[in-house]
Amino acid sequence: MTVQHEAPTTGAGEALEVWIDQDLCTGDGICAQYAPEVFELDIDGLAYVKSSDDELLQDPGATTPVPLPLLQDVVDSAKECPGDCIHVRRVSDRVEVYGPDAE
């Protein structure tokens, strides 16, 4: 089940969302350091995305909007993640724009 919340749009008019593949997460916490408003480590040692009301989203494939002011922090998290498990995609067509499967 994919949990989706309304996502803000980027300067190009594209709404973005982010999700984490917990099967690949190494639990380093780099994402939570870059963007603690978006990512959090749970007691299982893995990172998860959070909803806009700060709720940890633990369903596999759960997505959350990328807040425009935090876009660069989320992108940096995806780039620096040692597990290559952070995926940022457009909401409109679900194409990954940052992360291991980005075109």
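What counts, and where the lines are drawn
- Residues numbered from 1 in each chain as written.
- Predicted model: local features only at pLDDT ≥ 70, side-chain atom pairs only at ≥ 80, totals over all residues.
- Heavy atoms only, no water.
- Pairing = 2+ DSSP bridges.
- Helix = DSSP H or I, 4+ residues; strand = E, 2+ residues; numbered from the N terminus.
- Contact = heavy atoms within 4.5 Å.
- Axes fitted to C-alpha atoms, helices over the stretch in contact; angles between N-to-C directions.
- Salt bridge = Lys/Arg side-chain N within 4 Å of Asp/Glu carboxyl O.
- Buried < 20%, exposed > 50% of the residue type's maximum accessible area, 1.4 Å probe, protein only.
- Core = buried A, V, L, I, M, F, W, Y, C linked by side-chain atoms within 4.5 Å.

Asker: I would appreciate a short explanation of the sheet that holds strand 7 (residues 96–98) in the present structure.
Answerer: Sheet strands line up and pair through hydrogen bonds in the backbone, either parallel or antiparallel. Taken in spatial order, the four strands of this open sheet run 5-1-6-7, and their pairing is antiparallel. Strand pairing shows two members of the sheet lacking a second neighbour, strand 5 (64–65) and strand 7, which therefore form its edges. With two bridges connecting them, strand 1 (residues 16–20) and strand 5 associate as antiparallel partners. Following the sheet pairing, valine 18 is matched in strand 5 by threonine 64. Along the sheet, helix 2 (residues 71–80) contacts strand 1, strand 6 (86–90) and strand 7; its crossing angle with strand 6, the most-contacted strand, is approximately 130 degrees.

Asker: Looking at this structure, how should I read the pattern of salt bridges?
Answerer: Pairs can form between side chains of opposite charge once their charged atoms are near each other. Throughout the structure, instances matching the rule amount to four salt bridges. Where glutamate 40 meets lysine 50, a salt bridge forms, and the shortest distance between an N and an O atom there is 3.6 Å. Placement of glutamate 40 in strand 2 (residues 39–41) and of lysine 50 in strand 3 (residues 47–50) is noted, with a sequence separation of 10 residues between them. For lysine 50, a relative accessible area of 8% corresponds to the buried category. What emerges from the salt-bridge pattern is a single network uniting Glu40, Lys50 and Asp54.

Asker: Looking at this structure, I do not really get the nonpolar core. What am I missing?
Answerer: It is characteristic of soluble globular proteins that their nonpolar side chains tend to be buried jointly. Core analysis: the biggest nonpolar cluster contains 22 residues, and Val18, Ile20, Val38, Phe39, Val66, Val74 and Ile86 have the highest contact counts within it. Setting aside residues up to four positions removed in sequence, phenylalanine 39 forms contacts with Val18, Ile20, Cys31, Ala32, Tyr48, Val49, Lys50, Val74, Ser77 and Ile86.

Asker: Just to check I follow, could you spell out unusual backbone geometry for this structure?
Answerer: Residues apart from glycine generally show negative phi values, whereas peptide bonds are mostly found in trans. In this structure, aspartate 84 is a non-glycine residue whose phi angle is positive, near 45 degrees. Along the chain, the position of aspartate 84 falls in the loop between helix 2 and strand 6. If you check the backbone angles, arginine 94 has positive phi at about 60 degrees while not being a glycine. Along the chain, the position of arginine 94 falls in the loop between strand 6 and strand 7. Looking at arginine 94, the relative accessible area reads 44%, which means it is partly exposed.

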